[in-house]
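# Reading the structure
Below, each chain spelled out in residue letters.
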Amino acid sequence: MIISAEVDCIIYDAQSLKNKRAVLKRIKTRLQNEFNIAVGELEFQNLWQRTRLGLVTISSDKQIAEKTMQQALAFIDSFPEIERTETHLEWL
């Protein structure tokens, strides 16, 4: 089973693209290492305080894929410098 998520986020304290990219790099690296999922920035690359991340995970069991994605989304929520505003999940 393949599940993907598009996650809109706001980074309130980012004062430049450099600040934004530092926050995103830390989050993306930890998501990839801890949950073994693919992560990439989909939109708003040139805006300082807004981003849309794409997350994808694959598993032979639907429940495991769903659990992994929910844990990854909760992990994003644990970072105080970023706020998740909208999330769209899709099964492929």
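Before reading on, note that the structure itself is shown above.
This report concerns the structure included in the present document. (Residues numbered from 1 in each chain as written. Predicted model: local features only at pLDDT ≥ 70, side-chain atom pairs only at ≥ 80, totals over all residues. Heavy atoms only, no water.)

### A closer look at the side chain of arginine 52
Quick note on the threshold: We count a stretch as a helix when DSSP gives it H or I for four or more residues in a row; a strand needs E for two or more, and each element gets its number in order from the N terminus. N or O atoms within 3.5 Å of each other form a polar contact, as long as, within protein, one can give a hydrogen and the other can take it, and as long as residues adjacent in sequence are counted only when both atoms are side-chain atoms. By definition, residues are in contact when any of their heavy atoms lie within 4.5 Å.
Positionally, arginine 52 belongs in strand β3 (residues 50-58). Side chain to side chain, arginine 52 and glutamate 43 meet in a polar contact 2.6 Å long. Setting aside residues no more than four positions away along its own chain, arginine 52 makes contact with Glu6, Val7, Asp8, Gly40, Glu41, Leu42, Glu43 and Phe44.

### So, the pattern of salt bridges
Heads up, the condition is: Every case where a carboxyl oxygen of Asp or Glu lies within 4 Å of a side-chain nitrogen of Lys or Arg is listed as a salt bridge. When a residue's accessible area, from a 1.4 Å probe over protein chains only, is under 20% of the maximum for its type it is buried; when over 50% it is exposed; and in between it is partly exposed.
Under the criterion given, the structure shown has six salt bridges. Two residues, arginine 52 and aspartate 8, come together in a salt bridge whose shortest N-O distance is 2.4 Å. On the criterion of sequence distance, the pair formed by arginine 52 in strand β3 and aspartate 8 in strand β1 (residues 2-10) is long-range, its members being 44 residues apart. One exposure class covers both arginine 52 and aspartate 8, and it is buried. Among the ionic pairs, glutamate 41 bridges to lysine 20, the shortest N-O distance being 2.9 Å. Of this pair, glutamate 41 sits in strand β2 (residues 38-43) while lysine 20 sits in helix α1 (residues 17-35); the two residues are 21 residues apart in sequence, bridging distant segments of the chain.

### Overview of unusual backbone geometry
With phi around 55°, asparagine 36 is a residue other than glycine that occupies positive phi space. With respect to the secondary-structure elements, asparagine 36 resides in the loop between α1 and β2. One non-glycine residue with positive phi stands out, namely phenylalanine 44, at about 65°. Tracing the backbone through its elements, the reader meets phenylalanine 44 in the loop between β2 and β3. Judged by its relative accessible area of 19%, phenylalanine 44 falls in the buried class.

### Some details on the packing of α1 against helix α2 (residues 62-77)
For clarity, the cut-off: A fitted line through C-alpha atoms serves as each axis, taken over the contacting stretch for helices, and the angle formed by two N-to-C directions is quoted from 0 to 180°. The scheme is simple: roughly parallel for angles under 35 degrees, roughly antiparallel for over 145, roughly perpendicular for 65 to 115, oblique for anything else. Should the near helix be turned anticlockwise from the far one by less than a right angle, the crossing is left-handed, and should it be turned clockwise, the crossing is right-handed.
One way to put it is that α1 packs onto α2 with a least axis distance of 11 Å and a crossing angle of 150°. With respect to α2, the element α1 is oriented roughly antiparallel. Note on packing geometry: the crossing formed by α1 with α2 is right-handed. Judged by residue contacts, Ile27, Arg30, Leu31, Glu34 and Phe35 of α1 engage Thr68, Gln71, Ala72, Phe75 and Ile76 from α2.

### Digging into the nonpolar core
Spelled out, the test is: By nonpolar core is meant a set of buried Ala, Val, Leu, Ile, Met, Phe, Trp, Tyr and Cys residues that side-chain atoms within 4.5 Å join together.
If you look at the biggest cluster of nonpolar residues, it comprises 23 residues, and the most contacted ones within it are Ile27, Leu31, Ile37, Leu55, Ile76 and Ile82. Every element with two or more residues in this core is listed here: β1, α1, β3 and α2.

### Digging into α1
The following threshold applies: Expected span of a helix: the number of residues minus one, times 1.5 Å. Within this analysis, the arc is defined by the directions that extend from the helix axis to the C-beta atoms.
With 19 residues, α1 ought to run about 27 Å at 1.5 Å a step, and its terminal C-alpha atoms sit 26 Å apart, in line with that. Lys20, Val23, Leu24, Ile27, Leu31 and Phe35 are the residues of α1 that are buried. Buried residues in α1, looked at end-on, bunch into an arc of 95°, giving them a common side. With respect to the buried face of α1, the exposed residues turned more than 90 degrees away are Lys18, Lys25 and Asn33. Immediately downstream of α1, the backbone of asparagine 36 shows phi near 55°, a positive value.

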